[in-house]
Amino acid sequence: MLESIQLEANVAFPTVAHAELQASAQPSISVKRRQSILFVTSEIADYIKAGGLGEVSAALPRALRHHYDVRILIPGYRQVLSQIGPVEEIGRLPASFGIPACGLGRGTTQDGLTVYVLLCPELYDRDGSPYVDGFGVDWSDNDIRFARLGLAAADIACGNGDHLWRADLLHLNDWPSGLASAYLVWRGQHIPTILTIHNLAYQGNFDRSRLSHLGIPDAAFQINGVEFYGKLSFLKAGIYYSSHITTVSSTYAHEITRPEFGCGLDGLLRTCAEQGRLDGIINGIDESWDPSTDPYLVSPFSAENCRGKRANANNVRQNFGLALSNGPLFAVVSRLVHQKGVDLAISAAETIVSQGGQIAVIGQGEPRFENELQALAHRHPGSVGVKIGYDEGDARRMYAGSDFLLMPSRFEPCGLSQMYAQRFGSLPIAHRTGGLADTIEDGVNGFLFGEPSLNRFKDAIKRGLDTFRSRPRLTAMRRAAMQRPHGWDRSASRYQEVYQRACQTALA
Ligand code: ADP
Ligand code: GLC
């Protein structure tokens, strides 16, 4: 039976021998073998996330699974192993230089997506986030922890992890998986690799003395390799050695080729762009972001009928210690870091409160911002409420209940929060940069300001307050925001094109 089936890969690419057949074996039926993609990530919202990367890692593979045999590789953090359900150990990956051996586990998400999990308790069985300990300090062995991830990705791609599967293409995300493409090149393996940059500011830079521990050849420590201003950089390695680079909006793809946004890598990224190796593909948001069905909301609503927003607003007021009010409610849902312009939001608070507005903030991050926000709430009881931490239900009710979302990010590769806010009828007030510029139409479905200064931000807030006072205008803008297409379909098609191009380049 088997030999009468004609296997046909989607692209002209030498396929691996052991593709898992998706259709039942019938003589003379032509079966298109789905290409196999290994999606390598350091967070996935199903089990653990620190921000938008975790949400994209949960959504994009699902948007692509109809077209590909896409599997996820993630470190076996405590939070992953405690939630994923049964994990079968299907192989062992050997130690290499200073990188310890580990088991390779295989589990599945509730909806049947295959997840490869690295079983290495000494590296991953800890409380805290994927990157930092409970005090917000980077784990001191992050180089080994994520070199382990990159090396495993290279091994699995080549069929040395799961002996029944190998990858036609590796999709890497941010610096934690950046070394995977380098390991493949150093082994002479020509498997196409895509690196998606979610945030250029996080680079995974380490001392050069770590090279030998990570199995990085001395010869690779140069400008055409892993070296970045005297350091070893995982992100630079990923950019240099991957077949293709994407980032998460078109505007950010242009911005990062300029010194102001390039974080020292703009020269290399300009070269990538000139070679046609750099694309911007905007993120989507998944279907759970629907205010008419979201189980976290106190009251459902829709673009046609927004009355339910009020009950959600009152719930937020109650939860954040705010007074009952008919005035505008502003939300901040954010990692509390410099990138997000938290200082600008704090400085603009007086303007909002003096005009009868209220502010609810949820997030965590740099201690100085956490402290300043708590002091702000203390100064404005009933008008400013702050929760340090993160809670999915609170966040969703804040998008649903608020009238405006403050997002004065200094740079924003894509940004998901503004899209969640729009979908839930809260108008983002945001700096015209990166994905914010690509998803917000000024005066139509949100407000944009041109430079990240307090005065420009306050001008945009004033425009928001004026709109709030004109009900018909507010309703029209809300409706436009809620109806803006936000899904993953278009972006998933763009990734398909990029995959195809990367495979063709690898063949050439
Ligand atoms: P970034 O990834 O830079 O933080 P995004 O706008 O892409 O920015 O993603 C923000 C989303 O990440 C928020 O809407 C929220 O869902 C989630 N998020 C924000 N802060 C936290 C946090 N401390 N822990 C977990 N998720 C968070
Ligand atoms: C990063 C970026 C954010 C983006 C997210 C998902 O965390 O800061 O702008 O939305 O990744 O791609």
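Residues numbered from 1 in each chain as written. Chains lettered and ligands numbered in written order. Predicted model: local features only at pLDDT ≥ 70, side-chain atom pairs only at ≥ 80, totals over all residues. Heavy atoms only, no water.

Some words on the packing of aromatic side chains
Inference 1: What the rule picks out here adds up to 22 aromatic pairs.
Inference 2: Considering the side-chain rings of Phe146 and Trp175, the 5.2 Å spacing of their centres and the 80 degrees angle between planes classify their relative orientation as edge-to-face. Of this pair, Phe146 sits in helix α4 (residues 142-157) while Trp175 sits in the loop between β8 (169-173) and α5 (179-186), and the two are 29 residues apart along the sequence. In terms of burial, Phe146 and Trp175 fall into one category: buried.
Inference 3: Both rings, one in Trp186 and one in Tyr241, keep their centres 5.5 Å apart while their planes meet at 75 degrees; by these two values the pair is edge-to-face. Here the residue Trp186 occupies a position in helix α5, and Tyr241 occupies one in helix α6 (residues 234-241), the gap between them amounting to 55 residues.
Inference 4: Lys387 extends its terminal NZ or CZ atom over the ring of Phe320, reaching a point 5.0 Å from the ring centre.
Inference 5: Cation over ring: Arg471 sits above Phe468, and NZ or CZ is 5.3 Å from the ring centre. (Phe/Tyr/Trp six-rings, centres within 6.5 Å; stacked < 30°, edge-to-face > 60°. Helix = DSSP H or I, 4+ residues; strand = E, 2+ residues; numbered from the N terminus. Buried < 20%, exposed > 50% of the residue type's maximum accessible area, 1.4 Å probe, protein only. Lys NZ or Arg CZ within 6 Å of the ring centre and 35° of its normal.)

Some points on the environment of Arg463
Inference 1: You can see Arg463 is positioned in helix α15 (residues 454-469).
Inference 2: Counting along the chain gives 128 residues from Arg463 to Arg335, while the straight-line C-alpha distance between them is 25 Å.
Inference 3: Apart from residues lying up to four places away in sequence, Arg463 is in contact with Asp442, Phe447 and Leu448. (Contact = heavy atoms within 4.5 Å.)

A look at the domain arrangement of the chain
Inference 1: On domain assignment, one finds that the chain holds domain 1 (2-22 + 32-284 + 489-507) and domain 2 (308-483).
Inference 2: Summarising the inter-unit geometry, the C-alpha centres of domain 1 and domain 2 are found 33 Å apart.
Inference 3: Around 1,300 Å² of area is buried between domain 1 and domain 2 when both sides are counted, 56% of it from carbon and sulfur atoms.
Inference 4: Across the domain 1-domain 2 interface, the total number found is one salt bridge.
Inference 5: Ionic pairing is found between Lys49 and Glu392, a salt bridge with its closest N-O pair at 3.3 Å.
Inference 6: Where domain 1 touches domain 2, the interface holds eleven residue pairs in polar contact (both at pLDDT 80 or more).
Inference 7: Contributions of two or more residues to the side of domain 1 that touches domain 2 are made by α1 (52-64) and α7 (250-255).
Inference 8: The leading source of residues in the side of domain 1 that touches domain 2 is α7, at four residues.
Inference 9: For the side of domain 1 that touches domain 2, the residue count by class is eight nonpolar, eight polar and three charged. (Domains from an automatic or database assignment. Buried area = accessible area lost by both parts, 1.4 Å probe. Salt bridge = Lys/Arg side-chain N within 4 Å of Asp/Glu carboxyl O. Polar contact = N/O pair within 3.5 Å; in protein donor to acceptor, adjacent residues only side chain to side chain. Nonpolar A, V, L, I, M, F, W, Y, C, P; charged D, E, K, R; others polar.)

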